[in-house]
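# Structural characterization, general
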Amino acid sequence: MTTLTQRANHVREQIRSTRDARVSRDLALLGARIGLAWVFVYHGARTLFGAFGGSGIHPQAVYFAHVAHLQPGTFFAVLGGIIECFGAAAVGLGILGRLAALGLVGDMVMAMITVTFSNGVIGDSAGSGYELNVALAALALVVAILGTGRFSLDVVLLKLLRR
């Protein structure tokens, strides 16, 4: 019969063995990229194209101008939509992922500064808080720092160019 200490040591060794494994890192980055792409492409397509029941550019421009106090509203609505939709697609596919992930971090920081920070972490009846902005910005920052990993178009394209 093994002791509790031996079991704890065994679990610790198993965790340590996956910490530095390249495949584990690449799979974690792939999961982060897919999650970011899912959320941001959806939101960006709603803003830019009115897809998925979204309002489209004009109502978003009014929102940016009057609620977020970003002038000109149309410029910032289009910029935010492009960063979210196409930046997230780039992160998801793993092409120019670090740059695109930095764009997503900036997008979330601006959302916090202009809209959600005054509502607190969770928010209240006046509006949503900034908890989701922080989580998405942190996840995008991970991709910006670590890159897109081996399961990305950047790696495939680099291999093709080196031939």
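Here's a quick rundown of the structure. Quick caveat: nothing in here was measured; it's all calculated off a predicted structure. (Residues numbered from 1 in each chain as written. Predicted model: local features only at pLDDT ≥ 70, side-chain atom pairs only at ≥ 80, totals over all residues. Heavy atoms only, no water.)

## Focus: the pattern of salt bridges
Note on pairing: side chains with opposite charge can pair once their charged atoms come close. Enumeration over the complete set of coordinates arrives at 2 salt bridges. Its salt-bridge partner being R25, residue D26 comes within 3.5 Å of it at the nearest N-O pair. Residue classification places D26 among the buried residues on the basis of a relative accessible area of 2%. Here R150 and D26 are joined by a salt bridge, their closest N and O atoms 2.3 Å apart. Here R150, found in the loop between α6 (131–146) and α7 (153–161), pairs with D26, found in helix α2 (residues 22–49); they are 124 residues apart in sequence, far enough to count as distant. We classify R150 as partly exposed; its relative accessible area is 33%. Members of the salt-bridge network, linked through shared partners, are R25, D26 and R150. (Salt bridge = Lys/Arg side-chain N within 4 Å of Asp/Glu carboxyl O. Buried < 20%, exposed > 50% of the residue type's maximum accessible area, 1.4 Å probe, protein only. Helix = DSSP H or I, 4+ residues; strand = E, 2+ residues; numbered from the N terminus.)

Read these as geometric descriptors, not functional statements.
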